[in-house]
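Each chain is listed here by its residues.
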Amino acid sequence: IYPFPSTPDYSLGLGDIGEAVSILQLMLGGISMYYDLPHVPMSGRYGKETVEAVKEFQMITGLPETGRVDKATWERLAGEYNRSVNDSQ
């Protein structure tokens, strides 16, 4: 998982819905065994649980703790997710 929308200043946040949110939730779930992240339901809806998990991930990795997913957060998360998938094989 790597691509992030190329629209300038694109980000995901509270209230967003759709495929990108589902992918985000999949990645958060995939790395949860390596990071102590709050549980995120696979709903495709960016709710309070997703905000909290993103903030926790941002804090752990030294990113600004906004609770929103911008390109920097997505790339770090995708990198961690890709490593976790490769480590489990």
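Figured I'd write up the structure that's included with this text. Throughout this document, residue positions are counted from 1 along each chain, in the order its sequence is written. Given that the model is predicted, a residue must reach a pLDDT of at least 70 before its local features are reported, and side-chain atom pairs must reach 80 or more before they are shown or counted; all residues, however, enter totals for whole chains, interfaces and linings. Note that the side-chain values use all heavy atoms of the structure and ignore hydrogens as well as water.

## A short note on the overall build of the protein
When helices and strands are tallied, the protein shows 3 helices and 0 strands. Along its sequence from the N terminus, the protein presents helices and strands in the succession α-α-α. In terms of C-alpha radius of gyration, the protein reaches 12 Å, essentially the compact-globule figure of 12 Å for 89 residues. For the protein, the spread of C-alpha atoms along the principal axes amounts to about 35 × 25 × 25 Å. Across the 89 residues that make up the protein, the buried fraction comes to 37%. Any two residues whose heavy atoms approach within 4.5 Å at even a single point are treated as in contact. A separation of at least 24 residues holds for 52% of the contacts in the protein among residues at least 6 apart in sequence. For the protein, the exposed surface amounts to about 5200 Å²; the carbon and sulfur share of it is 52%. For the purposes of this entry, the term helix denotes a DSSP run of H or I that reaches at least four residues, the term strand denotes a run of E that reaches at least two, and both are numbered from the N terminus. Radius of gyration means the value over C-alpha atoms here, while the globule rule gives 2.2 Å times the residue count to the 0.38 power. For every residue, the accessible area (1.4 Å probe, protein chains only) is compared with the maximum for its type, and the residue is labelled buried under 20%, exposed over 50%, or partly exposed between those bounds. We get accessible surface area from the Shrake-Rupley algorithm with a probe of 1.4 Å; when it comes to residues, only the shown protein chains can shield them.

## Re the pattern of salt bridges
Should their charged atoms come close, side chains of opposite charge can pair. The rule for a salt bridge is simple: a side-chain nitrogen of Lys or Arg has to be within 4 Å of a carboxyl oxygen of Asp or Glu. This model, assessed by the stated rule, comprises 2 salt bridges. When the shortest N-O distance is used, the salt bridge between Glu-75 and Lys-71 registers 3.9 Å. Taken as a pair, Glu-75 and Lys-71 lie in helix H3 (residues 71-87) at a separation of 4 residues, close to a single helical turn. With a relative accessible area of 48%, Lys-71 lands in the partly exposed category. A salt bridge links Glu-80 to Arg-83, with the nearest nitrogen and oxygen atoms 2.7 Å apart. Note that Glu-80 and Arg-83 are positioned in helix H3 at a spacing of 3 residues, about one turn of the helix. Given the relative accessible area of 18%, Glu-80 is considered buried.

## Some thoughts on the packing of helix H1 (residues 19-31) against H3
Their axes nearest at 9 Å, the elements H1 and H3 cross at an angle of 50 degrees. Taken together, H1 and H3 sit at an angle that is classed as oblique. Judged by the twist between their axes, the crossing of H1 over H3 is left-handed. Between H1, through Ala-20, Ile-23, Leu-24, Leu-26, Met-27, Leu-28, Gly-30 and Ile-31, and H3, the contact on the second element is made entirely by Trp-74, Leu-77, Ala-78, Glu-80, Tyr-81 and Ser-84. Note on residue categories: nonpolar means Ala, Val, Leu, Ile, Met, Phe, Trp, Tyr, Cys or Pro, charged means Asp, Glu, Lys or Arg, and polar means any other residue, Gly included. Residue classes in the contact of H1 with H3 are distributed as 11 nonpolar, 2 polar and 1 charged. Think of each axis as a best-fit line through the C-alpha atoms, taken over the contacting stretch in the case of a helix, with angles from 0 to 180 degrees between the N-to-C directions. Note on terminology: angles under 35 degrees are roughly parallel, angles over 145 are roughly antiparallel, angles of 65 to 115 are roughly perpendicular, and the others are oblique. Handedness of a helix crossing follows the sense of rotation of the near helix relative to the far helix, less than a right angle counterclockwise being left-handed and clockwise being right-handed.

## Quick look at the nonpolar core
One finds Leu-24, Leu-28, Tyr-46, Val-69 and Trp-74 to be the most contacted residues of the largest nonpolar core, which totals 21 residues. Sorting the residues of this core by element identifies H1, helix H2 (48-61) and H3 as the ones contributing at least two each. Tallying contributions element by element places H1 first for this core, with 5 residues. Nonpolar core, defined: a set of buried Ala, Val, Leu, Ile, Met, Phe, Trp, Tyr and Cys residues in which side-chain atoms within 4.5 Å join the residues together.

## Looking at the environment of Arg-45
Secondary-structure assignment places Arg-45 in the loop between H1 and H2. Taking the C-alpha atoms as reference, Arg-45 lies 7.4 Å from Ser-22; in sequence the two are 23 residues apart. Every residue in contact with Arg-45, bar those within four places of it in the chain, is listed here: Asp-16, Ile-17, Val-21, Gln-25 and Thr-50.

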